[in-house]
Amino acid sequence: IDTFDALRDVSAIDIQVNDGLVDITGFNVLETMGSLNIESNGALESITGFTALETVTRLFISNNAALTSIAGLGKVTTVDGNLDVKSTGLSSLNELASLTTVTGDCTVEPISLLATAPQNVRDACGFVPAPPPPVPIAATRTGSRSSSSR
């Protein structure tokens, strides 16, 4: 998709079930929009469009197994609702470098994407890693006597 560069206002964009779609490059003047749903596009490798987008009410990216880049979403600072990123080929969330706020739920799968995400993304999602398990203290017995001495 490489058009829609004059589109300034929209309540929702759904890009779904298109096995021929490899890259989303348009929508480059949108700064604020409603829901952005990118789902089940089997050949989708990158999202390089949406380069001016800063605020979205819901960001849902799911079932895009070939997706390895969301660089176009690099200016998004606020998801004023839910953020869902799951079942993608992404190896990191580093391209969400500007994200500071998620007001709803944040679902990221696998969780390792969020655990290794930049601090601003972890903070926006309210991610607090579990503390390491406590180290057991070895019990030591002093002054024990053998009961077998006769």
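A brief structural summary. (Residues numbered from 1 in each chain as written. Predicted model: local features only at pLDDT ≥ 70, side-chain atom pairs only at ≥ 80, totals over all residues. Heavy atoms only, no water.)

## Overview of the environment of Pro129
Keep this limit in mind: For the purposes of this entry, the term helix denotes a DSSP run of H or I that reaches at least four residues, the term strand denotes a run of E that reaches at least two, and both are numbered from the N terminus. Summary of the burial criterion: residues with accessible area below 20% of their type's maximum are buried, those above 50% are exposed, and those between are partly exposed, where the area comes from a 1.4 Å probe applied to protein chains only.
Summarising the element assignment, Pro129 is placed in the segment after α2 (119-124). In this structure Pro129 comes out as partly exposed when scored by relative accessible area, which is 48%. Sequence separation between Pro129 and Ala115 is 14 residues; the distance between their C-alpha atoms is 7.1 Å.

## As for unusual backbone geometry
In this chain, Glu109 is followed by Pro110 through a cis amide linkage whose omega measures 0°. Mapped onto the elements, Pro110 comes out in the loop between β9 (106-109) and α1 (111-115). For Ser40, which is not a glycine, the phi torsion comes out positive at approximately 60°. Positive phi, normally seen in glycine, also occurs at Phe50, with a value near 65°. Summarising the element assignment, Phe50 is placed in the loop between β4 (46-47) and β5 (55-64).

## Regarding the nonpolar core
A general trend in soluble globular proteins is that nonpolar side chains are found buried together. Inclusion rule: Nine residue types can take part in a nonpolar core, namely buried Ala, Val, Leu, Ile, Met, Phe, Trp, Tyr and Cys, and a core is a set of them joined through side-chain atoms within 4.5 Å. Contact between two residues is taken to exist if any of their heavy atoms lie within 4.5 Å; hydrogens are not considered.
By size, the foremost hydrophobic cluster in this structure holds 37 residues, and its most contacted members are Leu36, Ile47, Phe50 and Leu73. Put simply, the parts of the chain that give this core at least two residues each are β1 (12-16), β3 (32-39), β5, β7 (83-88), α1 and α2. Dropping the residues within four chain positions of it, Leu36 is found in contact with Ile13, Phe50, Leu53, Val56, Arg58, Leu59, Phe60 and Leu73.

## Description of the environment of Phe50
Phe50 sits in the buried class, given a relative accessible area of 0%. Along the primary structure Phe50 and Asn28 are separated by 22 residues, whereas in three dimensions their C-alpha atoms are 4.7 Å apart. Once residues within four sequence positions are removed from consideration, Phe50 is found in contact with Ile13, Ile24, Gly26, Phe27, Asn28, Leu30, Met33, Leu36, Gly72 and Leu73.

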